[in-house]
Structure formats: structure tokens, C-alpha cells
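Secondary and tertiary structure notes
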Amino acid sequence: MAISDYSSRAALTAVDLVNSYDVMTGGDELTSEAAAAALLGKRGWVLDRPLSGSDLDRLRALRPRLRFVFGNSVVRKSVEDLNGILRELGAQPQLSDHDGSWHWHYARPRAPLAERVATTCVVALLTVIADGGESRLRICERVECGNVFVDASRPGSRRFCDAKGCGNRVHASAYRERKRQQAN
Ligand SMILES: [Zn+2]
Ligand SMILES: [Zn+2]
């Protein structure tokens with residue numbers, strides 16, 4: 001499944017936002033403007049002005065709504081929800097080359113940063129659904145992990161998140177379990 005670099009960075013921003021709240025432990029990484037700026041900076045967002053408290057509040061409010069579309073088996077419901085967020089935000093797709101290459105902007109002109117992030121993330125998730133089917137928006141299958149991820153692999157058969165190395169952890173414990181049984 002080919003995802004353009006631009007929309008994959010936006011989809012990964014959505015993943016990072018959702019995973020910044022750990023549903024298993026209640027741990028929250030998105031607790032300050034600086035933490036939000038760091039999360040966005042890691043995914044290549046250029047912040048032309050400092051994040052405000054209201055940007056932070058908006059990003060925090062967006063998280064549970066984005067989480068809801070991961071692991072949801074009802075595609076139509078996820079699409080309705082995401083389309084609904086775009087309508088609420090008054091999204092206005094415009095092609096721009098302000099940085100030298102053509103790319104989409106989705107938010108209203110001069111929208112606050114959080115609104116630009118929200119519209120771009122929502123469009124990226126809708127694009128994943130349009131291109132690959134909703135099962136590409138997954139929740140990690142390691143039972144102790146609640147992370148979400150986008151499966152961009154060709155067969156679409158990824159089961160575990162990257163962020164916590166869950167695939168390796170599950171395989172390592174399955175290996176230990178086999179060893180233990182062989183020893184008995
Ligand atoms: Zn731009
Ligand atoms: Zn995981």
C-alpha cells in the first residue's frame with residue numbers, strides 16, 4: 001500500500017497523538033505546550049508560532065475522537081465520524097506551494113495550529129481508509145498494550161505496534177514458553 005510521504009507523516013501524527021494517552025496505565029504525555037510541540041516537531045511539522053494553551057486543549061480533545069476510528073470494524077461509522085470532524089472544523093481544501101512544492105492545506109486560511117493539525121490528520125486517516133480499507137487502522141494485539149498504529153505493509157497483516165516493540169516482546173515470550181514446555 002503506497003502512502004505519500006506527506007499523508008503518511010500526517011497519519012503518524014494522528015497515531016502519536018492517540019498514543020500520547022496510554023489507555024492501559026492512564027499515563028499522559030500530552031500535558032504541556034512543549035510536549036505537544038515536540039510531538040509535532042518529530043513528525044516534521046513546522047511551527048511558525050508557539051503553541052497556545054488553546055491549541056493544546058484542542059489537540060487533547062481530538063485524541064479520543066481519533067482513537068475511536070482505530071480497531072473499529074464498522075468502516076462507515078469511522079468515515080462518518082471523520083467526515084463530521086472535517087465539517088465541524090469548516091475544512092477548506094486548498095492546494096498551496098508556499099514552501100516550494102505543491103501540497104494540500106485543509107484548514108480554513110489562518111486557522112490556529114491545532115485546527116491545521118486536526119484537519120490534516122483526519123484527511124490522512126480518511127486517505128488510509130480510502131486506499132487500504134479500514135482494517136489498516138489497528139490496535140496493537142499485545143494484550144498489555146493499547147497503542148494504535150497504521151498498517152502500511154503490503155499484505156496488511158501487521159498485528160503489533162512499533163512504538164513499544166510489541167511484536168518482539170510477544171515473540172520472545174512465546175519462545176520462552178516453548179523452551180519451558182520442552183524442558184518439562
Ligand atoms: Zn503548507
Ligand atoms: Zn503494542
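A few points on the structure. No experiment lies behind these values; they were computed from the predicted model shown.

Rules used throughout
Residues numbered from 1 in each chain as written. Chains lettered and ligands numbered in written order. Predicted model: local features only at pLDDT ≥ 70, side-chain atom pairs only at ≥ 80, totals over all residues. Heavy atoms only, no water. Core = buried A, V, L, I, M, F, W, Y, C linked by side-chain atoms within 4.5 Å. Buried < 20%, exposed > 50% of the residue type's maximum accessible area, 1.4 Å probe, protein only. Helix = DSSP H or I, 4+ residues; strand = E, 2+ residues; numbered from the N terminus. Contact = heavy atoms within 4.5 Å. Salt bridge = Lys/Arg side-chain N within 4 Å of Asp/Glu carboxyl O.

**Here we look at the nonpolar core**
L59 and F70 are the most contacted members of the largest nonpolar core, which has 38 residues in total. Within the residue set of this core, elements represented by two or more residues are α1 (5-19), α2 (33-42), α3 (53-67), α4 (75-88), α5 (113-132) and β4 (148-150). Per element, the largest residue contribution to this core is twelve residues, and it comes from α5. With residues up to four places along the chain from it excluded, the contact list for F70 reads V15, V18, L125, L137, R138, I139, V148, F149 and V150. Membership of the second largest hydrophobic core comes to six residues, among which are C140, C145, F149 and F160.

**Section: the pattern of salt bridges**
Here the idea is simple: oppositely charged side chains can pair when their charged atoms come close. Using the criterion set out here, one finds 16 salt bridges in the structure. Taking the shortest distance from any N to any O, the salt bridge between K42 and D16 comes out at 3.7 Å. Here K42, found in helix α2, pairs with D16, found in helix α1; they are 26 residues apart in sequence, far enough to count as distant. The class of K42 is exposed, set by a relative accessible area of 60%. Residue class for D16 comes out buried when judged on its relative accessible area of 13%. In this structure, D28 and R60 form a salt bridge, with 2.8 Å as the shortest nitrogen-oxygen distance. On the criterion of sequence distance, the pair formed by D28 in the loop between α1 and α2 and R60 in helix α3 is long-range, its members being 32 residues apart. Judged by its relative accessible area of 26%, D28 falls in the partly exposed class. Overall, R60 belongs to the partly exposed group, its relative accessible area being 30%.

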